[in-house]
Amino acid sequence: MCPDEKAKFDPSHPRYISLRARELLVAGVRDGIVVPEGLIAHGRGEMFDYLFGEETLAPALSAERAAAAAMMIAEKPVISVNGNTAALCAEDIVLLSKVTGACIEVNLFHWSDERAKAIRRLLESKGGSEVLAEDPDAVLEGVHHDRGRCHAEGIFSADTVLVPLEDGDRACALAGMGKTVISIDLNPLSRTTLFSTISIVDEVTRAVPNIIRFSNELAENAVLASNTVQSFDNAAQLRELFRLIGERFAKLAHP
Ligand code: PTJ
């Protein structure tokens, strides 16, 4: 290994978190968890994260709190997991499902039974149980191709769905089915972000631990959880996010 190769695995490297995420995704491709397109999607996400200074901005944090509250009061919350999410944070997804009582469904944009099985096994190796994956038996309304496949016992009948890194078509279909859609997507302009009920514009490995923390705080307090959801204004938090990005650029332009 050349010195540069060594440096990229060194936690003191200034880009360690980013380099580690890339390595996890590349290993995910090798292990049949991530599709090559997932690497492109990640690069797009990283680009947006630069705009936020690679940190969770206040509006995202309030969306994460609302997301925890919505999952706590949901009758049937489901966490949708794709290849990138599994490669980056399988363990935290399992933890979140335990804290919120949400079921996990492997739901893929680029569908294959083999990859669904590999992701299910990864989640199970982290402690996940009853993970829905292979042999989906339902179709999302209005998405008439492999991308619409899902489980009748999971996403199809859920009232609340957490969709990290979701495709816009499917997020719109879920919203159209009357579900509470909670998205995690670094792109503040994506259709997923614009059409979700609760839009978390944050990096998935920062967002999921925050939702876990808020879920723990809200556990046993259904009234507070309900009030948190009622008072959350998704459009207002997105406007505030755009304002903060603008402010950041204005400061850079006029230091
Ligand atoms: O595993 P599959 O088959 O379900 O495919 C997964 C991908 C991600 C390839 C598929 O869903 C896809 O093509 O997604 P899109 O349409 O590229 O959207 C992904 C969105 O996630 C983009 O808006 C990215 O900015 C965003 N994103 C990428 N990495 C992260 C992210 N958001 C949060 N955290 C990230 N780490």
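Anything mentioned here points back to the structure above.
Residues numbered from 1 in each chain as written. Predicted model: local features only at pLDDT ≥ 70, side-chain atom pairs only at ≥ 80, totals over all residues. Heavy atoms only, no water.

1. Here's the deal with the pattern of salt bridges
Overall, the coordinates contain 13 salt bridges when judged by the stated rule. Two residues, Asp 49 and Arg 206, come together in a salt bridge whose shortest N-O distance is 2.8 Å. Of the two residues, Asp 49 is situated in helix α3 (residues 36-51) and Arg 206 in helix α9 (residues 204-218); the sequence distance between them amounts to 157 residues. Arg 147 serves as the salt-bridge partner of Asp 169, at 3.9 Å between the closest nitrogen and oxygen. (Salt bridge = Lys/Arg side-chain N within 4 Å of Asp/Glu carboxyl O. Helix = DSSP H or I, 4+ residues; strand = E, 2+ residues; numbered from the N terminus.)

2. Description of the packing of helix α2 (residues 16-30) against helix α5 (residues 83-100)
One can describe the packing of α2 onto α5 by two numbers: an axis separation of 9 Å at closest approach and a directional angle of 125 degrees. By the angle between their axes, α2 is oblique relative to α5. Along this stretch, α2 crosses α5, giving a crossing that reads as right-handed. On α5, the residues touching Ala 21, Leu 24 and Leu 25 of α2 are Asn 84, Ala 87 and Leu 88. Within the contact of α2 with α5, the residues separate by chemical class into 5 nonpolar, 1 polar and no charged. (Axes fitted to C-alpha atoms, helices over the stretch in contact; angles between N-to-C directions. Parallel < 35°, antiparallel > 145°, perpendicular 65-115°, else oblique. Left-handed = near helix turned anticlockwise from the far one by under 90°. Contact = heavy atoms within 4.5 Å. Nonpolar A, V, L, I, M, F, W, Y, C, P; charged D, E, K, R; others polar.)

3. Some details on the site of the ligand
In the vicinity of the ligand there are 21 residues, among which Arg 44, Phe 109, Arg 115, Asp 185 and Glu 203 approach most closely. Between the ligand and Asp 185 there is a distance of 2.8 Å, counted from an oxygen atom to a side-chain nitrogen or oxygen. Here a nitrogen atom of the ligand and a backbone polar atom of Leu 186 are 3.1 Å apart. Relative to its unbound accessible surface of 730 Å², the ligand loses 94% to contact with the protein. A majority-of-atoms criterion places the ligand in the largest pocket. No other element matches the 6 residues that α3 contributes to the shell around the ligand. Here the shell around the ligand is composed, by residue class, of 8 nonpolar, 7 polar and 6 charged. (Near = heavy atom within 4 Å. Polar contact = N/O pair within 3.5 Å; in protein donor to acceptor, adjacent residues only side chain to side chain. Areas by Shrake-Rupley, 256 points an atom, 1.4 Å probe, with all protein chains shown as cover. 1 Å grid on protein atoms, 1.4 Å probe; cavity = no way out; pocket = protein on both sides within 12 Å on 5 of 7 lines; lining within 4 Å. Sits in = over half its atoms within 2 Å of the grid points.)

4. Quick word on the packing of aromatic side chains
For the structure shown, the criterion picks out 0 aromatic pairs. Against the face of Phe 214 rests Arg 213, its NZ or CZ located 4.8 Å from the ring centre. (Phe/Tyr/Trp six-rings, centres within 6.5 Å; stacked < 30°, edge-to-face > 60°. Lys NZ or Arg CZ within 6 Å of the ring centre and 35° of its normal.)

5. What to know about the environment of Ile 184
Along the chain, Ile 184 falls in strand β6 (residues 180-184). Along the chain, Ile 184 and Arg 170 lie 14 residues apart, while their C-alpha atoms are 14 Å from each other. Among all residues touching Ile 184, those that are not within four sequence positions of it are Leu 162, Val 163, Pro 164, Leu 165, Ile 200, Asp 202, Val 204, Ala 207, Val 208 and Ile 211.

6. What to know about the layout of surface pockets
The calculated volume of the largest pocket comes to roughly 1,100 Å³. In this structure, the largest pocket is lined by 45 residues; those nearest its centre are Ala 41, His 42, Gly 45, Asn 84 and Leu 165. Secondary structure elements with two or more residues in the lining of the largest pocket: α2, α3, α5, α7 (168-176) and α9. Sorting elements by how many residues they give to the lining of the largest pocket places α3 first, with 11 residues. Of the residues belonging to the lining of the largest pocket, the class tally is 16 nonpolar, 14 polar and 15 charged. Reported here for the second largest pocket is a volume of approximately 250 Å³. Around the second largest pocket, the lining comprises 15 residues; the ones closest to its centre are Leu 24, Ala 86, Ala 87, Leu 88 and Leu 122. (Points joined across faces, edges and corners; volume = space filled by probe spheres on them.)

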